[in-house]
Amino acid sequence: MSSSIHTAQQVHAVSSWFIRLRSRNRLLYYFGWCNFIAAGVCLVLTYTDVDNVINNSNAWLKPLRFFLSIGILCWTLSWLLVYVQKQRAVKFLSIATIITMVFEMLVIAGQAARGQLSHFNISTSFNAWLYVAMGVAITFFTLNVLYVAILLFRQKTFPLWMSEGYKWGIRWGLLLFVVFAFEGGIMAALLRHTIGMDDGTEGLPFFNWSLIAGDLRLHTFLACMPCRYYRWRAIFLRTNAGKYTCLPWATCCWLRYCYGRPSKAIPFINPSVKPSGA
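An account of the accompanying structure is given in this report. (Residues numbered from 1 in each chain as written. Predicted model: local features only at pLDDT ≥ 70, side-chain atom pairs only at ≥ 80, totals over all residues. Heavy atoms only, no water.)

1. A look at the overall build of the chain
Here is step 1 of the chain: A tally of regular secondary structure across the chain gives 10 helices and four strands.
Here is step 2 of the chain: Going residue by residue from the N terminus, the α and β elements of the chain occur as α-α-β-β-α-α-α-α-α-β-β-α-α-α.
Here is step 3 of the chain: A buried classification covers 47% of the 278 residues belonging to the chain.
Here is step 4 of the chain: Taking contacts inside the chain between residues at least 6 apart in sequence as the whole, the part at least 24 apart equals 70%.
Here is step 5 of the chain: As displayed, the chain has an accessible area near 14,300 Å², and 68% of this comes from carbon and sulfur atoms. (Helix = DSSP H or I, 4+ residues; strand = E, 2+ residues; numbered from the N terminus. Buried < 20%, exposed > 50% of the residue type's maximum accessible area, 1.4 Å probe, protein only. Contact = heavy atoms within 4.5 Å. Areas by Shrake-Rupley, 256 points an atom, 1.4 Å probe, with all protein chains shown as cover.)

The structure is reproduced here in structure tokens:
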């Protein structure tokens, strides 16, 4: 009896959380669901379209990862952007996020269906145009996030219940997301993500990060995850701004270390292995 009551309470808590999330930003809430559903479709395709392989990996794994990441991003923004006073800027960012990510995923999923690389692909003028257009679109999105982050740094009024840790968690989370998102430009300039060997080497299951060479994608992942962590951690953190602002600097040092190893062609996951091309 007690276990059934406990289960019912858990179900109610989860459903209440989804209702609150939807009420904060309906656009990003429903768009997040669209991405999670699309991720499920891609998961099915990894089993049904097994012959579609790009760089020694099933072509649908990349869209799957991107759909999941965008879904998490949308729900994170949906939860936290309600605290921005200039809601017109939030609405613009929400619409920009949807337009940008729809275009990005149409290209990524479309290229996967064609058996083509979506990133670093300049094999034809059409593929090169798609790649450049994706870069322009994601830059536009990132600049909009930067604008909202600046608004939060300048904003003086927040809900009375909100702790300083919560405020700075949102601010630093958005700002660090922007800083490390632009580091994707390094891979764009190199037209590859693997250092020391060609793209497509033996990789970690699902993520496909190289196990025998440096892989800059890992750095991007580790950069974005702590930024989301800051935003969610802010919900529970109770401390003052002075103590909290030391954490981003520690994060920057950690990420600099994470970037330094792959940039020297040392695999971060298996650092004892030295690539033959290094």
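2. Brief notes about the environment of Ala-109
Here is step 1 of the chain: Of note, Ala-109 is situated in helix H4 (residues 87–114).
Here is step 2 of the chain: Residue class for Ala-109 comes out buried when judged on its relative accessible area of 17%.
Here is step 3 of the chain: For the pair Ala-109 and Leu-61, spaced 48 residues apart in the sequence, the C-alpha separation amounts to 9.9 Å.
Here is step 4 of the chain: In contact with Ala-109, not counting residues within four places along its chain, are Trp-60 and Pro-63.

3. Quick notes on a nonpolar patch on the surface
Here is step 1 of the chain: The grouping of Tyr-30, Trp-33, Ile-37 and Val-41 at the surface amounts to a nonpolar patch, some 380 Å² of accessible area in total.
Here is step 2 of the chain: Assignment of secondary structure puts Val-41 in helix H2 (residues 26–48).
Here is step 3 of the chain: Relative accessible area serves as the criterion here: at 46%, Val-41 is assigned to the partly exposed category. (Patch = residues over 30% accessible without salt bridge, like charges linked within 9 Å, V, L, I, M, F, W, Y side chains within 5 Å. Salt bridge = Lys/Arg side-chain N within 4 Å of Asp/Glu carboxyl O.)

4. A look at the state of the cysteines
Here is step 1 of the chain: Per the counting criterion, the structure on display carries zero disulfides.
Here is step 2 of the chain: Counting only cysteine sulfurs, Cys-74 is the nearest neighbor of Cys-34, a cysteine outside any disulfide, at a range of 9.4 Å.
Here is step 3 of the chain: According to the relative accessible area criterion, Cys-34 is partly exposed, its value standing at 47%.
Here is step 4 of the chain: Judged by its relative accessible area of 0%, Cys-74 falls in the buried class. (Disulfide = S-S within 2.5 Å.)

5. Side note on the side chain of Arg-24
Here is step 1 of the chain: With respect to the helices, strands and loops of the structure, Arg-24 is situated in helix H1 (residues 2–24).
Here is step 2 of the chain: Since its relative accessible area comes to 18%, Arg-24 is described here as buried.
Here is step 3 of the chain: Other than its neighbours up to four places away in sequence, Arg-24 contacts Ser-78, Trp-79, Val-82 and Tyr-83.

6. Quick notes on unusual backbone geometry
Most peptide bonds take the trans form, and the phi angle of most residues other than glycine is negative.
Here is step 1 of the chain: With a phi angle near 65°, Asn-56 is a residue other than glycine that sits in the positive phi range.
Here is step 2 of the chain: Unlike most non-glycine residues, Phe-120 shows phi in positive territory, near 60°.
Here is step 3 of the chain: If you trace the backbone, Phe-120 turns up in the loop between H4 and helix H5 (125–154).
Here is step 4 of the chain: Exposure remark for Phe-120: the relative accessible area of 18% places this residue in the buried category.

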